[in-house]
Amino acid sequence: MKDQDAAFEREALPWIDDVYRFALSLTRDESDADDVVQDTFLRAYRSWHTYLPGSDCRRWLFTICRNVFLRSRERARPTVELDATDVDAAAVGSVYATAAREGFEDIFSRLDLVPAINDALDKVPEPFRSALIIVDVEDQSYESAAEMLGVPIGTVRSRLFRGRRLMQEQLLTYAIDAGFAPRSACVEQRRNA
Amino acid sequence: MPDTLSEVVPTECMEVVLHVWDYLDDQLTAEATTTLRAHIIVCPECYAFQSFQRGFLDALAGLRRPQRAPWRVKARVLASLAEAGLRTH
């Protein structure tokens, strides 16, 4: 066995579960995820000489995985970047004000909202969704996300804030439309029980 | 906290609104973190707002589940790598 093959087997292959989970988050489709994972490892093997030994192999694979995903969707990276972080940050104040008015201050801790959270994440458009998956779901730092996405840290931040705001708006609308009982009603119900 | 931002919002509260995610993501300087935390502790509205945002981030983090790649995927990956020249144990 060649040395580089041994290194690839030792350092890259053990991350297959993580890469699969990441691919599944991006594609939301098992069959598409299978293809993306296969292509990711193939590309990783072919460009193994570019991997810096001792660096974060998982991050390196995630970067390849996301590029494979984007290519599979034939989506070019956006050339126009939004610079509205403060606007998005300020907008979360309005989202919260609506939630508080409707009695949904604790809406995100409700177990019956979990499927809706999945759906809401699915509906967030790229490039915001990738930022959410990498930072908020996969728990990667802004720096790692910037490296994976090939953008400055400030761009990660603005994409993240926009994605979070879009998700919150969707979830709040869902909770109101689905007739979720507000906290005040639950408290009243417990009192009367 | 007022319903809309067009209403008068105390400066300290506005700082929390604008930077709550930077705060929760640990992206602020130590000094800014201390300032924000000091206000959040004494302002019930900002505390509730911060808890709402933290709950949202916790809910997102909850989507992360340990997940193993199915055998079919591992088999496909190994087969394609072998075809590309990888020699494993």
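Worth saying up front: this structure is predicted, and the values here are computed from it rather than measured.

Asker: Can you walk me through the overall build of chain A in this structure?
Answerer: Within chain A one finds 10 helices and 0 strands. For chain A, the residues scored as buried account for 40% of the 193 residues in total. When contacts within chain A are restricted to residue pairs at least 6 apart in sequence, those whose partners lie at least 24 apart make up 73%.

Asker: Can you help me understand the environment of V68(A) in this one?
Answerer: Residue and element names in this part refer to chain A. Here V68 lies in helix 4 (residues 57–72). Between the C-alpha atom of V68 and that of D35, which follows or precedes it by 33 residues, the distance is 9.4 Å. Discounting residues that sit within four places of it in the chain, V68 has contacts with V36, D39, T40 and R43.

Asker: What is the right way to look at the interface of chain A and chain B in this model?
Answerer: Reports often express the size of an interface as the amount of accessible area lost when the parts come together. Between chain A and chain B, the contact holds 42 residues from the first and 34 residues from the second. Counting only elements with at least two residues in the side of chain A that touches chain B, the list comes to helix 1 (3–11), helix 2 (16–27), helix 3 (30–46), helix 5 (85–101), helix 6 (114–123), helix 7 (128–137) and helix 9 (153–177) of chain A. The biggest single contributor to the side of chain A that touches chain B is helix 5 of chain A, with 10 residues. Residues that form the side of chain A that touches chain B fall into these classes: 21 nonpolar, 6 polar and 15 charged.

Asker: Teacher, can you tell me more about helix 9 of chain A here?
Answerer: Helical periodicity: at 3.6 residues per turn, an α-helix aligns residues three or four positions apart in one direction. For helix 9 of chain A, built from 25 residues, the straight-helix expectation of 36 Å at 1.5 Å per residue is met to within 8% by its first-to-last C-alpha distance of 36 Å. G179(A) sits one or two residues past helix 9 of chain A and shows a positive phi near 70 degrees.

Asker: What should I look at first to understand the confidence of the model for chain B in this one?
Answerer: When pLDDT drops low, the exact placement of atoms in the prediction is not to be read closely. With 89% of its residues at a pLDDT of 70 or more, chain B has an overall mean of 86. In the predicted complex, the global pTM is 0.76; the interface-specific ipTM is 0.77.

Asker: Any chance you could explain the packing of helix 3 of chain A against helix 4 (residues 71–84) of chain B here in plain terms?
Answerer: Running from amino to carboxyl end, helix 3 of chain A crosses helix 4 of chain B at an angle of 30 degrees, the nearest separation of the two axes being 9 Å. Handedness of the crossing formed by helix 3 of chain A with helix 4 of chain B: right-handed. The segment helix 3 of chain A lies against helix 4 of chain B, with D34(A), V37(A), Q38(A), F41(A), L42(A), Y45(A) and R46(A) engaging R72(B), V73(B), R76(B), V77(B), S80(B), L81(B) and A84(B). Per-class residue counts for the contact of helix 3 of chain A with helix 4 of chain B are 8 nonpolar, 2 polar and 4 charged.

About the criteria used
- Residues numbered from 1 in each chain as written.
- Chains lettered and ligands numbered in written order.
- Predicted model: local features only at pLDDT ≥ 70, side-chain atom pairs only at ≥ 80, totals over all residues.
- Helix = DSSP H or I, 4+ residues; strand = E, 2+ residues; numbered from the N terminus.
- Buried ≥ 20, exposed ≤ 12 C-beta atoms within 10 Å, placed from the backbone.
- Contact = placed C-beta atoms within 7 Å.
- Nonpolar A, V, L, I, M, F, W, Y, C, P; charged D, E, K, R; others polar.
- Expected span 1.5 Å × (residues − 1).
- pLDDT = per-residue confidence, 0-100.
- Axes fitted to C-alpha atoms, helices over the stretch in contact; angles between N-to-C directions.
- Left-handed = near helix turned anticlockwise from the far one by under 90°.

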